[in-house]
Amino acid sequence: FCMRAMLEVGSGSGFIAQYFSRMGYGESGTHTVDVVDERQIKEEFQFELVKGTKLPYADETFDFIISNHVIEHVGSYEDQVSHISEIYRCLEPGGVLYFAVPNRWGIIEPHYRLPYLSWLPESWSSAYVRFVGRYSYYDCRLLSRRDAENLLSKQGFSFNDATLDAIKLVGVIEDCNWLIKLLTRLPKGFWLTFSFIMPTLIYVCHKPSN
């Protein structure tokens, strides 16, 4: 696989972009965009401030794109479709998209840390966050597994659900206690029982080659 150029949509702190720059894409080949600049690291990659879901790049610019817990923040369903469409446009044929989104059916909503928040209709979820006195409204739109896969397939991506495969990596990569490490070593069949409520959905997606 020849590393040409990669893009992280939603740069956040900048740690992921720095990692891929050091892995071989280099400063000129590693790009990030975000609607706000919250970077803690500002070197070793190219950053652009954007508005909305439109990406400021030509068609087929990148061989690898990351959308990591971003799509739930972009807005309406139409905005989410645009987010995936822009990624597809900017990805070269045969290119790879790493796509992760919090699961709508996860027990604890990850942004507001409230149980069952994302299970509720939009008006109820906003009332819920107001009731607990934290925020005035709920501004995330999490996806179910069906939602995520429909978005990807309608755009033209082929994909593999890597959610359960990622569990083992947590025990290898993360600095966690012995119990968590033990749990991550349980067979995939065990975790299938809980796949409906997995907190995060992870997909490795491919744009078809010409």
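What you see is a predicted model; the values in this text were computed from it and never measured.

### Some words on the pattern of salt bridges
Step number 1: Taken as a whole and assessed by the stated rule, the structure comprises 7 salt bridges.
Step number 2: Here the salt bridges share partners, and the residues they tie into one network are Lys54, Asp59, Glu86 and Arg89.

### Description of helix 4 (residues 145-155)
Step number 1: Residues of helix 4 that are buried include every one of Ala148, Leu151 and Leu152, and no others. Looking straight down helix 4, one finds that the buried residues subtend no more than 90 degrees of arc, so they occupy a single side. Set apart from the buried face of helix 4 by more than 90 degrees, the exposed residues are Arg146 and Lys154.
Step number 2: The elements touched by buried residues of helix 4 are helix 2 (77-90), strand 5 (91-102), strand 8 (158-161) and strand 9 (200-206).
Step number 3: A positive backbone phi angle near 115 degrees is found at Gly156, which sits one or two residues after helix 4.

### Examining the sheet that holds strand 2 (residues 30-34)
Step number 1: Pairing is mixed across the open sheet formed by 7 strands, whose spatial order is 3-2-1-4-5-9-8. Among the strands making up the open sheet, the edge pair consists of strand 3 (46-49) and strand 8. Pairs of neighbouring strands in the sheet enclose a mean axial angle of 20 degrees, with direction left out of account.
Step number 2: Here strand 1 (residues 6-9) pairs with strand 4 (residues 62-68) via 4 bridges, running parallel. If you follow Met6 over to strand 4, its bridge partner there is Phe64.
Step number 3: Against the sheet, helix 2 makes contact with strand 1, strand 4 and strand 5, and its axis sits at roughly 150 degrees relative to strand 5, the strand it touches most.

### Describing the packing of aromatic side chains
Step number 1: For the structure on display, the rule yields 11 aromatic pairs.
Step number 2: Note on Tyr57 and Phe62: the rings are 4.9 Å apart at their centroids and 85 degrees apart in plane angle, and the pair reads as edge-to-face.
Step number 3: By relative accessible area, Tyr57 is classed as buried at 13%.
Step number 4: Classification of Phe62 by relative accessible area gives buried; the value is 0%.

### What to know about helix 1 (residues 15-29)
Step number 1: The end-to-end C-alpha separation of helix 1 is 15 Å, well short of the 21 Å expected for 15 residues at 1.5 Å each.
Step number 2: The largest bend in helix 1 is about 110 degrees, located at Met23.
Step number 3: The set of residues buried in helix 1 consists of Ala17, Gln18, Ser21, Tyr25 and Gly29.
Step number 4: Buried residues in helix 1 make contact with strand 1, strand 2 and strand 4.

### Regarding the packing of helix 2 against helix 4
Step number 1: Interhelical geometry of helix 2 versus helix 4 gives an angle of 45 degrees and a closest axis separation of 10 Å. The pairing of helix 2 with helix 4 is recorded here as oblique in orientation. Seen from above, helix 2 lies across helix 4 with right-handed handedness. Along the contact surface, helix 2 presents Tyr77, Gln80, Val81, Ile84, Ser85 and Tyr88, while helix 4 presents Leu151, Leu152, Lys154 and Gln155.
Step number 2: Along the lines of polarity and charge, the residues of the contact of helix 2 with helix 4 split into 6 nonpolar, 3 polar and 1 charged.

### A few points about the nonpolar core
Step number 1: Ile65, Leu97, Phe99 and Phe157 are the most contacted members of the largest nonpolar core, which has 27 residues in total.
Step number 2: Only strand 1, strand 4, helix 2, strand 5, helix 4 and strand 9 provide two or more residues apiece to this core.
Step number 3: Core analysis: the second largest hydrophobic core is formed by 7 residues, Tyr112, Leu114, Leu117 and Val129 among them.

### A closer look at the environment of Pro56
Step number 1: Residue placement: Pro56 occurs in the loop between strand 3 and strand 4.
Step number 2: Residues Pro56 and Val9, 47 residues apart in the sequence, show an inter-C-alpha distance of 11 Å.
Step number 3: If we skip the residues at most four places from it in the chain, Pro56 touches Val33, Glu48 and Val50.

### Structural notes on the environment of Arg89
Step number 1: With respect to the helices and strands, Arg89 occurs in helix 2.
Step number 2: Taking C-alpha positions, Arg89 is 9.2 Å from Tyr57, a pair spaced 32 residues apart along the chain.
Step number 3: Among residues more than four places away in sequence, those in contact with Arg89 are Lys54, Leu55, Tyr57, Ala58, Asp59, Glu60 and Lys207.
Step number 4: Here Asp59 takes part through its side chain, which lies 2.8 Å from a polar atom of the side chain of Arg89.

Definitions and limits used
- Residues numbered from 1 in each chain as written.
- Predicted model: local features only at pLDDT ≥ 70, side-chain atom pairs only at ≥ 80, totals over all residues.
- Heavy atoms only, no water.
- Salt bridge = Lys/Arg side-chain N within 4 Å of Asp/Glu carboxyl O.
- Buried < 20%, exposed > 50% of the residue type's maximum accessible area, 1.4 Å probe, protein only.
- Helix = DSSP H or I, 4+ residues; strand = E, 2+ residues; numbered from the N terminus.
- Arc of directions from axis to C-beta.
- Contact = heavy atoms within 4.5 Å.
- Pairing = 2+ DSSP bridges.
- Axes fitted to C-alpha atoms, helices over the stretch in contact; angles between N-to-C directions.
- Phe/Tyr/Trp six-rings, centres within 6.5 Å; stacked < 30°, edge-to-face > 60°.
- Expected span 1.5 Å × (residues − 1).
- Bend = angle between axes of the 7 residues up to and from the residue.
- Parallel < 35°, antiparallel > 145°, perpendicular 65-115°, else oblique.
- Left-handed = near helix turned anticlockwise from the far one by under 90°.
- Nonpolar A, V, L, I, M, F, W, Y, C, P; charged D, E, K, R; others polar.
- Core = buried A, V, L, I, M, F, W, Y, C linked by side-chain atoms within 4.5 Å.
- Polar contact = N/O pair within 3.5 Å; in protein donor to acceptor, adjacent residues only side chain to side chain.

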